[in-house]
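Inside the fold
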Amino acid sequence: MNLYCATTNPGKLREFQKALEHSDQVETLPGLASIAPPEETGATFEENAIQKALYYSKFCDGYLFVDDSGLEVAALNGAPGVYSARFAGPNPTDAANNQLLLDRMRGVTDRTARFVCIVALAESGRLVRTFRGEVEGRLLEAPRGDNGFGYDPLFFYPPFDCSFGEVPLERKMEVSHRAEALRQMRAYLNGMAG
């Protein structure tokens, strides 16, 4: 089964392909670069994922999925949350987002954080289902590691005793929020096909 995704984020695309490599062929939505993105107006990851899936699924035949994901920090009342990718303003770098987060967390002892991912699956402008993945950890006081993207170098995962930035993609995908949501979607699609 061909499965389309709508992302221009190369880090997410690598994770999509890794999580689904043994069951589905994941292709980027044809012509994605020429499709104006929808405005993300949702207050939750789920609202944004659904909004994007419904919009982009009108541009292809077959199933299309998108994700909306980010980091929720307990001491910041869930921020950066849905603003994770643009925490430091429009079109920021990962380094700028990470630095702003470190600045806001300076001197804060409760460093509890979690990554959240909602994958929304749609077909021809109709929502099929959403899938949620989460992973709990804590924020480091400085980045560690060059792997991953986004907040990975700041996200310490206690069972690994290191940050997501310090582990290879294969290991991160054993436990990550995105991998969990994608596993649920893969199981759902396999159940439909079988």
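Structure report, in brief.

Quick notes on the rules
- Residues numbered from 1 in each chain as written.
- Predicted model: local features only at pLDDT ≥ 70, side-chain atom pairs only at ≥ 80, totals over all residues.
- Heavy atoms only, no water.
- Phe/Tyr/Trp six-rings, centres within 6.5 Å; stacked < 30°, edge-to-face > 60°.
- Buried < 20%, exposed > 50% of the residue type's maximum accessible area, 1.4 Å probe, protein only.
- Helix = DSSP H or I, 4+ residues; strand = E, 2+ residues; numbered from the N terminus.
- Salt bridge = Lys/Arg side-chain N within 4 Å of Asp/Glu carboxyl O.

1. Overview of the packing of aromatic side chains
All chains considered together, the criterion is met by nine aromatic pairs. Here the aromatic rings of Y55 and F59 are separated by 5.5 Å at their centres, their planes lie at 65°, and the arrangement is edge-to-face. Judged by its relative accessible area of 41%, F59 is partly exposed. Relative to F164, the ring of F115 lies with its centre 6.1 Å away and its plane at 10°, an arrangement referred to as stacked. Of this pair, F115 sits in strand β4 (residues 112-123) while F164 sits in the loop between β7 (162-163) and α4 (169-172), placing them 49 residues apart in sequence. Taking the relative accessible area as the measure of exposure, F164 reaches 0% and is therefore buried.

2. Observations regarding the pattern of salt bridges
A side chain of one charge can pair with a side chain of the opposite charge if their charged atoms are brought near each other. Scanning the model with the defined rule gives 17 salt bridges in all. The salt bridge involving K12 is made with D67; its shortest N-O contact spans 2.7 Å. Taken together, the positions of K12 in helix α1 (residues 10-19) and D67 in strand β3 (residues 63-73) put the pair 55 residues apart, joining distant regions of the chain. Here K12 matches D67 in class, with each residue buried. Sharing partners across several salt bridges, the network here consists of K12, E15, D67, D152, K172 and R178.

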